[in-house]
Amino acid sequence: MNDIIIKSKEIQLDQFLKWANIVMSGGEAKSLIQAGKVKVNGEIEYRRSHKIKTDDIVEIEGFREKYRVIKN
């Protein structure tokens, strides 16, 4: 599991994917999310604006790693 440090209380899902270097652009993040390829805490998330908080676990279909959010 990869720990990703965020500096704020929460971060939008699409911004998190860019911050964690999972995707290179907002358009790529949007495509992954809308295709149902992103899970937050085991549930598929279709909203780009979904708020990610400390201890949330993000998974991407096709990636072996899971990403845990931690606050700095």
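Structure shown above.
Here is what the cut-offs are and how they apply
Residues numbered from 1 in each chain as written. Predicted model: local features only at pLDDT ≥ 70, side-chain atom pairs only at ≥ 80, totals over all residues. Heavy atoms only, no water. Helix = DSSP H or I, 4+ residues; strand = E, 2+ residues; numbered from the N terminus. Buried < 20%, exposed > 50% of the residue type's maximum accessible area, 1.4 Å probe, protein only. Polar contact = N/O pair within 3.5 Å; in protein donor to acceptor, adjacent residues only side chain to side chain. Contact = heavy atoms within 4.5 Å. Pairing = 2+ DSSP bridges.

## Focus: the environment of valine 69
Reasoning step 1: By secondary structure assignment, the location of valine 69 is in strand E7 (residues 66-71).
Reasoning step 2: According to the relative accessible area criterion, valine 69 is buried, its value standing at 0%.
Reasoning step 3: Taking the C-alpha atoms as reference points, valine 69 and serine 8, separated by 61 residues in sequence, lie 11 Å from one another.

## Digging into the side chain of glutamate 45
Reasoning step 1: Tracing the sequence through the fold places glutamate 45 in the loop between strand E4 (43-44) and strand E5 (51-53).
Reasoning step 2: With relative accessibility at 10%, the residue glutamate 45 sits in the buried group.
Reasoning step 3: Of note is the side chain of glutamate 45, whose polar atom sits 2.7 Å from the side chain of arginine 47.
Reasoning step 4: Residues in contact with glutamate 45, not counting those within four places in the same chain, are Leu13, Ile33, Val38, Lys39, Val40 and His50.

## Quick word on the environment of arginine 47
Reasoning step 1: Locating arginine 47 in the fold gives a position in the loop between E4 and E5.
Reasoning step 2: Arginine 47 gets classed as partly exposed once you look at its relative accessible area, which sits at 48%.
Reasoning step 3: As for arginine 47 and lysine 30, which are separated by 17 residues in sequence, their C-alpha atoms are 8.8 Å apart.
Reasoning step 4: Leaving out residues up to four positions away in the same chain, arginine 47 has contacts with Leu13 and Ile33.

## Considering the sheet that holds strand E1 (residues 2-6)
Reasoning step 1: Taken in spatial order, the five strands line up as E1-E7-E6-E3-E4 in an open sheet, and their pairing is mixed. Looking at strand neighbours, the two that pair on one side only are E1 and E4, the edges of this open sheet.
Reasoning step 2: Sheet topology places strand E3 (residues 38-40) next to E4; two bridges connect them, and they run antiparallel. When the bridges of E4 are listed, lysine 39 appears paired with isoleucine 44.

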